[in-house]
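Results of the structural survey
Okay, here's what each chain looks like letter by letter:
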Amino acid sequence: MGGERNLPKDEGLDNSLKLLKEGYEYILNRQHRYQTDVFETRLLGEKAICLTGKDAAEIFYDNSKFERSEAAPGRVKKTLFGEGGVQGLDGEAHKHRKEMFMSVMSKESLQEIIDLTEKQWDLFAARWETKDEIVLYEEAKKILTKVACEWTGVPLEDDEVEDLADQLSNMFEASAAIGPAHWKGRIARSRGEDWIEELVEKVREGKVNPPENKPLYTFSWHRDLDGNLLDKSIVAVEILNLLRPMVAITVYICFTAHAVYFNKEEADKLKNNDSERLHWFMQEVRRFYPFFPFTAARVKDNFSWRGYEFEEDTLTLLDLYGTNHHPEYWENPDRFEPERFAEWSGSPFDFIPQGGGEFEIGHRCAGEWITMDIMKVSLDHLVNKLSTRFRSRI
């Protein structure tokens, strides 16, 4: 074929160590260096294409051009996602499984998450009054573990909360780790899947009876495209794909506390409990702070974009962090300015802290609404509902 352009290339036999060293800014640095939103590199021994920006995100989430199966490294599946989960499905199988997730995201169920989060913040704050010091990260993990289990219908005793909070956090803390930390995450996932599989068996045998509107019930009785009940191992993966990311919102809560502390003028604007301003602040935390660096897919079939050739099966990374800091879409992207969301258009491709595209049919995180609700409640507590004396000790 004629007319193809050569992709800008980050030279080197393998740039995996550069990625680990530079972290979230690896792709963004090269976007600035080469003045391009697309370039080629080599990672983990294979060619990879890196993309940044709104137009790139729109192409990346085109299911006719990219697929997610086999895109995530095996070590990530062993800790973060699990084997056989919705993140690795494509086509009708993905759509059908995604519908299962979206079915538990009703207006009523999301309001329940808000109520549960409010309740747990109040309960934990009362306990903290007797302590000289608390570690927000550790306490927020326990808050969200309680919220996640109650909302999903997973039974949890009070003396199990701390251990489960640590187990779930090991899964997302170890996703990119190597050595002992990685094995800690693998052990945590294996233990978690065994536990949920046993619970699913008990639900199907009538020994455990969660309410029918709870995810544990819905997922346990969900049938695949062939009309068969999901294997209990798959149900376990998907239940953990609710519990784990809900507890992972702890990271955003700590980022929120950091933003409150270092942006006092903006935080002061929240003290009248203005819901709109709370929303802007929460959204700016999600844009400004790095949670996920990038997401991965593989080219489904050969295609051309902007004159560049994308060959079948090529690993492709979409820069989430860089897109959220792209100067073409965000004025002063390195400044924390919540009011930028007062007039934000709501594009599903330029603001992608948890993936892009549409919720129902695409790979945008089904739990994004949960994240926003929990963050907004937590922000309100940090700013308005904890005493000044206590906030000074966070």
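Here, every reference points to the structure presented above.
Residues numbered from 1 in each chain as written. Predicted model: local features only at pLDDT ≥ 70, side-chain atom pairs only at ≥ 80, totals over all residues. Heavy atoms only, no water.

Remarks on the environment of Ala257
Stated precisely, the cut-off is as follows: A run of H or I in DSSP counts as a helix once it spans at least four residues, and a run of E counts as a strand once it spans at least two, with each numbered from the N terminus. Here the term buried applies to any residue with accessible area under 20% of the maximum for its type, exposed to any over 50%, and partly exposed to those in between, with areas from a 1.4 Å probe on protein chains only. Only heavy atoms matter for contacts: two residues are in contact if any of them lie within 4.5 Å across the pair.
Position of Ala257 relative to the elements: it lies in helix H11 (residues 232-262). Given a relative accessible area of 16%, Ala257 falls into the buried group. Linking Ala257 and Ala267, residues 10 residues apart in sequence, is a C-alpha distance of 9.9 Å. For Ala257, the residues in contact, after removing those within four places along its chain, are Leu136 and Leu382.

Topic: the pattern of salt bridges
Keep this limit in mind: For this analysis, a salt bridge means a side-chain nitrogen from Lys or Arg found within 4 Å of a carboxyl oxygen belonging to Asp or Glu.
All chains considered together, the criterion is met by 29 salt bridges. A salt bridge links Arg30 to Asp10; the nearest nitrogen and oxygen atoms lie 2.7 Å apart. Placement of Arg30 in helix H2 (residues 26-34) and of Asp10 in the segment before helix H1 (16-22) is noted, with a sequence separation of 20 residues between them. Here Arg30 and Asp10 have matching classes, each one buried. In this structure, the salt-bridge partner of Glu238 is Arg97, at a minimum N-O distance of 2.7 Å. Within this pair, whereas Glu238 is found in helix H11, its partner Arg97 is found in helix H5 (residues 91-102), the two being separated by 141 residues in sequence.

Some details on the sheet that holds strand S3 (residues 66-67)
The pairing of strands in a sheet comes from backbone hydrogen bonds and takes either a parallel or an antiparallel form. Just so we agree on the cut-off: The criterion for strand pairing is that DSSP finds at least two bridges linking the strands in question.
In space, the five strands of this open sheet follow the order S1-S2-S7-S4-S3, with mixed pairing throughout. The open sheet has two edge strands, strand S1 (38-43) and S3, and neither has a second partner. As paired elements, S3 and strand S4 (residues 294-299) share two bridges and run antiparallel to each other. For Phe66, the partnering residue across the bridge sits in S4 and is Val299.

Overview of the nonpolar core
Note the following rule: Residue types Ala, Val, Leu, Ile, Met, Phe, Trp, Tyr and Cys, when buried and joined through side-chain atoms within 4.5 Å, form a set referred to as a nonpolar core.
Residues Trp121, Trp151, Val285 and Ile370 are the most contacted members of the largest nonpolar core, which totals 70 residues. At 17 residues, H11 tops the list of elements feeding residues into this core. Ile370 has contacts with Met105, Leu110, Ile113, Trp151, Met246 and Ile249, leaving out every residue within four places of it along the chain. Within the second largest apolar cluster, 20 residues are counted, among which are Leu7, Ile49, Phe310 and Phe349.

Quick notes on the packing of helix H13 (residues 275-288) against helix H15 (residues 368-385)
As a reminder, the rule being used: Lines fitted to C-alpha atoms define the axes here, with helix axes fitted over just the stretch in contact, and angles between the N-to-C directions of these axes take values from 0 to 180 degrees. Crossings are sorted by hand: turned counterclockwise from the far helix by less than a right angle, the near helix makes the crossing left-handed, and turned clockwise it makes it right-handed.
Here H13 crosses H15 at 115°, and the two axes come no closer than 9 Å. Seen along the crossing, H13 lies across H15 with a hand that is right-handed. Taken together, the residues of H15 that come into contact with H13 (itself represented by Ser275, Leu278, His279, Phe281, Met282, Gln283, Val285 and Arg286) are Glu368, Thr371, Met372, Met375, Lys376, Leu379 and Asp380.

Overview of the packing of helix H6 (residues 107-128) against H15
Which entries qualify depends on this criterion: Only Asp, Glu, Lys and Arg are considered charged in this grouping, and only Ala, Val, Leu, Ile, Met, Phe, Trp, Tyr, Cys and Pro are considered nonpolar; every other residue, Gly among them, is considered polar.
Put simply, H6 and H15 touch, their axes get as near as 9 Å, and they point 30° apart. In this structure, the crossing between H6 and H15 has a hand that is right-handed. Of the residues in H15, those in contact with Leu110, Ile113, Ile114, Thr117, Glu118, Trp121 and Asp122 of H6 are Trp369, Ile370, Asp373, Ile374, Val377, Ser378, His381, Leu382 and Lys385. Of the residues assigned to the contact of H6 with H15, the class counts are nine nonpolar, three polar and four charged.

Topic: the environment of Val237
By secondary structure assignment, the location of Val237 is in helix H11. Taking relative accessible area as the criterion, Val237 reaches 2% and is therefore assigned buried. The spacing of Val237 and Gly192 is 45 residues in sequence and 8.8 Å in space, taken between C-alpha atoms.

Quick word on the packing of aromatic side chains
Condition: In this scheme Phe, Tyr and Trp rings, the latter by its six-membered ring, pair at centre separations within 6.5 Å, and the angle between planes marks the pair as stacked below 30 degrees, edge-to-face above 60, and tilted otherwise. Placement of a charge over a ring requires the Lys NZ or Arg CZ to be within 6 Å of the ring centre, with the centre-to-atom vector within 35 degrees of the ring normal.
Counted by the stated rule, this structure contains 27 aromatic pairs. Ring geometry for Tyr217 against Trp221: centres 6.5 Å apart, planes inclined by 50°, an arrangement best described as tilted. Judged by centre distance (4.7 Å) and plane angle (40°), the ring pair of Tyr252 and Phe291 falls under tilted. Here Tyr252, found in helix H11, pairs with Phe291, found in the loop between H13 and S4; they are 39 residues apart in sequence, far enough to count as distant. For Tyr252, a relative accessible area of 2% corresponds to the buried category. Residue Phe291 is classed as buried on the basis of its relative accessible area, which comes to 17%. Counting every residue linked through ring pairs, the aromatic cluster contains Tyr252, Phe255, Phe281, Phe288, Tyr289, Phe291, Phe292 and Phe336. One residue, Lys65, lies across the ring of Phe303, its end atom 5.7 Å from the ring centre. Across the ring face of Trp330, the terminal group of Arg287 is positioned such that the distance to the ring centre comes to 5.6 Å.

Let's talk about the side chain of Asn241
Inclusion rule: Polar contact is defined as a pair of N or O atoms within 3.5 Å, subject to the rule that within protein one atom must be able to donate a hydrogen and the other to accept it, and that residues adjacent in sequence are counted only when both atoms are side-chain atoms.
Relative to the helices and strands, Asn241 resides in helix H11. Within polar-contact distance, the side chain of Asn241 engages the side chain of Glu238 at 2.9 Å. Of the polar contacts made by the side chain of Asn241, one reaches the side chain of Arg244; its length is 2.7 Å.

Focus on helix H7 (residues 136-152)
The condition is simple: A helix is expected to reach a length of 1.5 Å times the quantity of its residues less one.
Here H7 spans 24 Å end to end across 17 residues, near enough to the 24 Å set by a 1.5 Å rise per residue. Downstream of H7 by one or two residues, Gly153 has phi in the positive range, about 90°.

Describing unusual backbone geometry
Residues apart from glycine generally show negative phi values, whereas peptide bonds are mostly found in trans. At Leu44, a residue that is not glycine, the phi angle is positive and equals roughly 50°. Its location among the elements puts Leu44 in the loop between S1 and strand S2 (46-51). The class for Leu44 is exposed, based on a relative accessible area of 68%. Even without a glycine there, the phi angle at Asp313 is positive, about 75°.

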